[in-house]
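So the chains spell out like this:
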Amino acid sequence: MASDFQTIPVIDIGPLVEKIDDPKMVNDPELREVIRMLDKACKDAGFFYVKDHGIADSLVKEVRDIAHKFFGLPYEDKLKIKMTPASGYRGYQRIGENVTKGKPDMHEAIDCYRDIEPGTYGTLGKPLEGSNLWPDYPSHFKELMEEYICLLRDLSRKIMHGIALALGGPADAFEGPVAGDPFWVMRLIGYPVSSDIPETQRTDTGCGAHTDYGLLTLVNQDDDIHALEVRNRSGEWICAVPIPGTFVCNIGDMLKIWSNGLYESTLHRVVNNSPKYRVSVAFFYEPNFDTCIMPVDFCKQKTGGIAKYEEAVYGEHLAQKVLTNFVM
């Protein structure tokens, strides 16, 4: 359980980005300080900002800007890449189509997943088989997003190496057969101004309170709108205020299981009370699709030697969520 935190910590991960892939630097003082801060942030809040992450601010902003352009298109144009079961639940979803705990969310989105060729994971992967649907306009949408995804995959991998060390394991503890071929999910999300939504359809949240499914989430949010909120142990909602040049990061359900509860996924929600349309791009770094997740030994040793959580197959967990998340 998260603490009664009132602010979300900001971590300068420059030393980690620079040094984590060099085994000779594992005891470097600057790197160890980043690892200590990751450990504290994951225990206290389950959320943290990262700065000095190595991805150009211009690219991060361009990703948001191009999402704004897409969501500003006429509805008929957005429907050209409409999400359906036949598309592997990839593509555009309208406002209110995503449901959290039975309540429609006041956002529209494009959902993207790592490509899955038919038969790759048998029946496990069948609901999500396919390739992503990218719009024709703006013209460089696909190329920009694929560049961005590649960079975030590598950054996420490095942060997960730091988290593995923070938990007391080897840096590559979440590599190899468990997350060495990581799945990923990305959602480009648009939150309209509430007054622009017909009153008969309107609810009070852009996205209802939830935890994330996987390992690590990196959020790229508009710089000038306060909407993302994180719940502390006392039930207070703490605003994840946008900090230019940072990603907001949080840990997910699979890391909670792997760490045997040393780190817990934290409830969060989105409430856009701003008079402006808001865009957020969430990148979810996940285990291998067919990995069976269970508490790792070096975390069980710190928590009484007993597994606190039942094992879960990541792809099954994800597919169950996806199949119940939409009203189509």
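Worth saying up front: this structure is predicted, and the values here are computed from it rather than measured. (Residues numbered from 1 in each chain as written. Predicted model: local features only at pLDDT ≥ 70, side-chain atom pairs only at ≥ 80, totals over all residues. Heavy atoms only, no water.)

A. The arrangement of the packing of helix α3 (residues 57-71) against helix α5 (residues 141-166) in detail. Contact geometry of α3 with α5 gives a least axis separation of 11 Å together with a crossing angle of 140°. Viewed along their axes, α3 and α5 adopt a mutual orientation that is oblique. Note on packing geometry: the crossing formed by α3 with α5 is left-handed. Touching Leu59, Val60, Glu62, Val63, Ile66 and Phe70 of α3 are Phe141, Leu144, Met145, Glu147, Tyr148 and Leu151, all from α5. Partitioned by chemical class, the residues of the contact of α3 with α5 number 10 nonpolar, no polar and 2 charged. (Axes fitted to C-alpha atoms, helices over the stretch in contact; angles between N-to-C directions. Helix = DSSP H or I, 4+ residues; strand = E, 2+ residues; numbered from the N terminus. Parallel < 35°, antiparallel > 145°, perpendicular 65-115°, else oblique. Left-handed = near helix turned anticlockwise from the far one by under 90°. Contact = heavy atoms within 4.5 Å. Nonpolar A, V, L, I, M, F, W, Y, C, P; charged D, E, K, R; others polar.)

B. Highlighting the sheet that holds strand β8 (residues 207-210). Reading across from one edge, β8-β13-β10-β11 is the order of the 4 strands in this open sheet, with antiparallel pairing throughout. The open sheet has two free edges, formed respectively by β8 and β11 (237-239), since each of these has just one partner strand. Taking the axes of each pair of neighbouring strands and ignoring which way they run, one obtains an average angle of 25° across the sheet. Note that β8 and strand β13 (residues 268-270) share 2 bridges and pair antiparallel. Opposite Cys207, over in β13, you have Val270 as the bridge partner. (Pairing = 2+ DSSP bridges.)

C. Up close: helix α2 (residues 29-44). Over its 16 residues, α2 runs 22 Å from end to end, which matches the ideal 22 Å to within 8%, given 1.5 Å per residue. Considered for burial, the residues of α2 that qualify are Leu31, Val34, Ile35, Leu38, Asp39, Ala41 and Cys42. Looking at the buried side of α2, the elements it contacts are β1 (10-12), α1 (14-19), β2 (47-51), α5 and β12 (247-251). Two or three places before Glu30, at the start of α2, stands the capping residue Asp28, its side-chain oxygen 3.0 Å from that residue's backbone nitrogen. Looking at the residues trailing α2, positive phi occurs at Gly46, about 75°. (Expected span 1.5 Å × (residues − 1). Buried < 20%, exposed > 50% of the residue type's maximum accessible area, 1.4 Å probe, protein only. Polar contact = N/O pair within 3.5 Å; in protein donor to acceptor, adjacent residues only side chain to side chain.)

D. Looking closely at the nonpolar core. Counting 101 residues, the largest nonpolar core has Phe48, Ile163, Phe174, Met186, Leu188, Leu216 and Phe247 as its most contacted members. The element contributing the most residues to this core is α5, with 13 residues. In this structure, Leu216 is in contact with Phe48, Ser156, Ile159, Met160, Ile163, Cys249, Asn250, Phe283, Phe284 and Tyr285, ignoring residues within four places of it in sequence. (Core = buried A, V, L, I, M, F, W, Y, C linked by side-chain atoms within 4.5 Å.)

E. The side chain of His161, seen in detail. Of note, His161 is situated in helix α5. According to the relative accessible area criterion, His161 is buried, its value standing at 10%. The residues touching His161, leaving out its near neighbours within four places in the chain, are Ile20, Asp21, Ala171, Asp172 and Glu175.

F. Seen up close, the packing of aromatic side chains. Applying the stated criterion across every chain, the model contains 13 aromatic pairs. A centroid spacing of 6.2 Å and a plane angle of 25° characterise the contact between Trp184 and Phe283, whose relative ring orientation is stacked. On the criterion of sequence distance, the pair formed by Trp184 in strand β7 (residues 184-191) and Phe283 in strand β14 (residues 278-285) is long-range, its members being 99 residues apart. Both residues of the pair, Trp184 and Phe283, count as buried. These aromatic residues form a ring-pair network of at least three members: Phe70, Phe71, Tyr75, Tyr92, Trp134, Phe141 and Tyr277. (Phe/Tyr/Trp six-rings, centres within 6.5 Å; stacked < 30°, edge-to-face > 60°.)

G. Region of interest: the pattern of salt bridges. Enumeration over the complete set of coordinates arrives at 23 salt bridges. Taking the shortest distance from any N to any O, the salt bridge between Asp223 and Arg64 comes out at 3.4 Å. Remark: Arg64 occurs in helix α3 and Asp223 occurs in the loop between β9 (216-221) and β10 (228-231); sequence separation between them is 159 residues. The shortest N-O distance in the salt bridge between Asp154 and Lys158 comes to 3.7 Å. Of the two residues, Asp154 and Lys158 are both situated in helix α5; the distance of 4 residues between them amounts to about one turn of the helix. Accessibility expressed as a relative area gives 33% for Asp154, which makes it partly exposed. Among the residues examined, Lys158 registers a relative accessible area of 12% and is labelled buried. Salt bridges here are not isolated pairs; linked through shared partners, they connect Asp21, Asp154, Arg157 and Lys158. (Salt bridge = Lys/Arg side-chain N within 4 Å of Asp/Glu carboxyl O.)

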